[in-house]
Amino acid sequence: MTSTITHIEELRKLAKRRVPRMFYDYADSGSWTESTYRANEEDFQKILFRQRILINMENRSTATTMVDVPVSMPVAIAPTGLTGMQHADGEILAARAAKEFGIPFTLSTMSICSLEDVAKATNRHPFWFQLYVMKDRDFIERLIDRAKAANCSALVLTLDLQILGQRHKDIKNGLSAPPKLTIANMLNIATKPRWARGMLKTKRRSFGNIVGHVDGVTDMSRLSEWTASQFDPALSWDDVEWIKKRWGGKLILKGIMDVDDARLAADSGADALIVSNHGGRQLDGAESSIHALPAIVDAVGDRIEVHMDGGIRSGQDVLKARALGAKGCYIGRAFLYGLGAMGQAGVTRALEIIHNELDLSMAFCGHTDIETVDRNILLPGTYPTA
Ligand code: FNR
């Protein structure tokens, strides 16, 4: 079955059939008009390659590093909340697929499987942890300590969610984990028997990093109140400095879209920044990530490693981002669709598809080593410049 699936769009369609509407919509949506969500993908299509011929294409390699971690291709799994609701034990399955593929898996603060669950299920293979800085700083300190204990090898600090962008579908669907058993939800879940069977077999149905780790947060209604009140609109660069000291390891700053912010990120001494608009889920009307990338690379690329995410649905997108200076990329929906469609095998299939497209497209552009790829593989005038 998996080998007949040959591109990410097929995984998306299958996920749409298999995942309850509330969670499928949560993944496949952006904020307000979704214009930034769409632009993330569409702007990749505008960039054209220069096809080259009669260059020896044998012995190709897509291997490189991201913050000094060896990766089989310049791709990591992006942190996504509620991943264990796309498929039972979703974070564990995606972490295993990433481990086998030789790329980093990033666990979200808002995951269903906890830090400890993922560490145990992957035999303490290092993974990355994404942190949201909540107002409850004691909880954050404990979370950082738990990430260290779980053998996390980089901290991805998300800085673009001091407040929440509005997603119409989540409000209309009454998004929650576990889903509320309204008649509409039960009727919809009745049409997703694979998903329901998986969920009945697992105990992990709520936010694993939070429930049981915060005083008074024992059930779903308390949890919703707590999280809604915890995102911190007053977050500042001083907090970044504090987290950097407290963590003491590799630090990646996520959610940078502006050259001025990129300069501050480089000044902070972090190891990398991620050009990201949160997959079009926060400020609708912001430019696409691939559009913002070149100016940021030109401004700070010599001082800090630049990564990007947003709209990557193929290995060709990875190649374009790499050509424009991103040392690595992250995939959100592309892996979530695979997970919702077929669990671990679906994530593996998504990674295989992206790798295959990256490898072949690189060769068509006349390169056999990802390390030598630069802007010269792109047709001038078709890509954004600083
Ligand atoms: C996200 N994203 C995200 N980012 C983050 O730092 N912490 C999180 O918990 C989440 N949660 C989340 C849930 C879902 C369903 C999606 C789709 C995205 C943003 C994510 O890390 C990444 O920036 C985008 O997903 C990249 O865009 P693509 O690849 O999905 O187009």
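The paragraphs below set out a description of the structure included in this document.

Rules behind the numbers
- Residues numbered from 1 in each chain as written.
- Predicted model: local features only at pLDDT ≥ 70, side-chain atom pairs only at ≥ 80, totals over all residues.
- Heavy atoms only, no water.
- Helix = DSSP H or I, 4+ residues; strand = E, 2+ residues; numbered from the N terminus.
- Rg over C-alpha atoms; globule rule 2.2 N^0.38 Å.
- Buried < 20%, exposed > 50% of the residue type's maximum accessible area, 1.4 Å probe, protein only.
- Contact = heavy atoms within 4.5 Å.
- Areas by Shrake-Rupley, 256 points an atom, 1.4 Å probe, with all protein chains shown as cover.
- Lys, Arg positive; Asp, Glu negative; His and termini not counted.
- Charge placed at Lys NZ, Arg CZ, Asp CG, Glu CD.
- Near = heavy atom within 4 Å.
- Polar contact = N/O pair within 3.5 Å; in protein donor to acceptor, adjacent residues only side chain to side chain.
- Nonpolar A, V, L, I, M, F, W, Y, C, P; charged D, E, K, R; others polar.
- Phe/Tyr/Trp six-rings, centres within 6.5 Å; stacked < 30°, edge-to-face > 60°.
- Lys NZ or Arg CZ within 6 Å of the ring centre and 35° of its normal.
- Expected span 1.5 Å × (residues − 1).
- Arc of directions from axis to C-beta.
- Pairing = 2+ DSSP bridges.
- Right-handed = clockwise from strand over helix to strand, strands pointing away.
- Salt bridge = Lys/Arg side-chain N within 4 Å of Asp/Glu carboxyl O.

**Describing the overall build of the protein**
Consideration 1: The secondary structure content of the protein amounts to 15 helices and ten strands.
Consideration 2: Computed over its C-alpha atoms, the radius of gyration of the protein comes to 20 Å, within 12% of the 21 Å expected for a compact globule of 386 residues.
Consideration 3: Across its three principal directions, the C-alpha atoms of the protein cover 65 × 50 × 40 Å.
Consideration 4: Here the protein holds 386 residues, and the buried ones make up 58% of them.
Consideration 5: Sequence separation of 24 or more characterises 76% of the internal contacts of the protein that already satisfy a separation of 6 or more.
Consideration 6: Carbon together with sulfur atoms contributes 52% to the accessible area of the protein, which is approximately 16,200 Å² in total.
Consideration 7: One finds the centroid of the 47 positive side-chain charges in the protein at a distance of 7 Å from the centroid of its 46 negative side-chain charges.

**With respect to the site of the ligand**
Consideration 1: Taken together, 23 residues sit near the ligand, with Pro79, Ser108, Thr158, Asp309 and Gly311 positioned nearest.
Consideration 2: Residue serine 108 places a side-chain N or O atom 2.7 Å away from an oxygen atom belonging to the ligand.
Consideration 3: Within the backbone of glycine 332, one N or O atom sits 2.9 Å away from an oxygen atom of the ligand.
Consideration 4: When the ligand is considered free in solution it has 600 Å² of accessible area, and contact with the protein chains removes 99% of it.
Consideration 5: Contributing elements (two or more residues each) for the shell around the ligand: helix H2 (21–27) and helix H15 (333–364).
Consideration 6: Of the residues assigned to the shell around the ligand, the class counts are seven nonpolar, eleven polar and five charged.

**Observations concerning the packing of aromatic side chains**
Consideration 1: Taken as a whole and judged by the stated rule, the model has six aromatic pairs.
Consideration 2: With 5.2 Å between their ring centres and 85° between their planes, phenylalanine 139 and tryptophan 226 make a pair best called edge-to-face. Taken together, the residues span a long stretch of sequence, with phenylalanine 139 in helix H6 (residues 137–149) and tryptophan 226 in helix H10 (residues 220–230) at a distance of 87 residues. Comparing phenylalanine 139 with tryptophan 226, the two get one shared label, buried.
Consideration 3: The ring of phenylalanine 49 has lysine 320 sitting right over it, with the charged end atom 5.1 Å from the ring centre.

**Brief notes about H6**
Consideration 1: For H6, spanning 13 residues, the distance from its first C-alpha to its last is 18 Å, which sits close to the expected 18 Å at 1.5 Å a residue.
Consideration 2: Restricting attention to buried positions, one finds in H6 the residues Phe139, Ile140, Leu143, Ile144, Arg146 and Ala147. Within H6, the buried residues cover an arc of 160° as seen down the axis, which keeps them to one side. In this structure, H6 carries Asp138 and Ala149 as exposed residues pointing more than 90 degrees from its buried face.
Consideration 3: The N-cap of H6, judged by a side-chain oxygen 3.2 Å from the amide nitrogen of aspartate 138 a few residues on, is aspartate 136.
Consideration 4: Once H6 ends, the next one or two residues include asparagine 151, with phi positive near 75°.

**Notes on the environment of aspartate 267**
Consideration 1: Within the secondary structure, aspartate 267 sits in helix H12 (residues 259–267).
Consideration 2: Under the relative-accessibility criterion, aspartate 267 is labelled exposed at 54%.
Consideration 3: Distance in space between the C-alpha atoms of aspartate 267 and isoleucine 55 is 42 Å, their sequence separation being 212 residues.

**Details of the side chain of serine 276**
Consideration 1: Mapped onto the elements, serine 276 comes out in the loop between strand S8 (272–275) and helix H13 (289–300).
Consideration 2: Among the residues examined, serine 276 registers a relative accessible area of 0% and is labelled buried.
Consideration 3: Every residue in contact with serine 276, bar those within four places of it in the chain, is listed here: Asp160, Lys254, Gly255, Ile256, Met257, Ser289 and Asp309.

**Description of the pairing of strand S5 (residues 128–131)**
Consideration 1: Side chains Trp128 and Gln130 of S5 all project onto a buried face; the interleaved residues Phe129 and Leu131 project onto the opposite face, where all are buried too.
Consideration 2: As defined by bridge partners, strand S4 (residues 106–107) adjoins S5 across two bridges and the pair is classed as parallel. The residue of S5 that forms the bridge with leucine 107 is phenylalanine 129.
Consideration 3: Remark: the S4/helix H5 (residues 115–121)/S5 crossover connection has right-handed handedness.
Consideration 4: Sheet topology note: the S5/strand S6 (residues 154–158) ladder contains four bridges and is parallel. Along S6, the bridge assignment pairs glutamine 130 with valine 156.
Consideration 5: Tracing the backbone out of S5, into H6 and back to the parallel element S6 gives a crossover that is right-handed.

**Quick word on the pattern of salt bridges**
Consideration 1: This model, assessed by the stated rule, comprises 21 salt bridges.
Consideration 2: The salt bridge partner of arginine 204 is aspartate 89, with a shortest N-O separation of 3.0 Å. One end of the pair, arginine 204, is in the loop between helix H9 (193–201) and H10; the other, aspartate 89, is in the loop between strand S3 (75–77) and helix H4 (90–101), with 115 residues separating them in the sequence.
Consideration 3: The exposure class assigned to arginine 204 is partly exposed, which follows from its relative accessible area of 27%.
Consideration 4: Note that lysine 245 is salt-bridged to glutamate 241, the shortest N-O span being 3.8 Å. Of the two residues, lysine 245 and glutamate 241 both sit in helix H11 (residues 237–247), four residues apart, roughly one turn of that helix.
Consideration 5: Take glutamate 241: its relative accessible area is 47%, and that puts it in the partly exposed class.
Consideration 6: Residues participating in the shared-partner salt-bridge network are Glu9, Arg12 and Asp28.

**Here we look at the environment of proline 294**
Consideration 1: Within the secondary structure layout, proline 294 lies in helix H13.
Consideration 2: Sequence-wise, proline 294 and leucine 324 are 30 residues apart; in three dimensions their C-alpha atoms are separated by 5.9 Å.

Nothing here speaks to function; it is geometry throughout.
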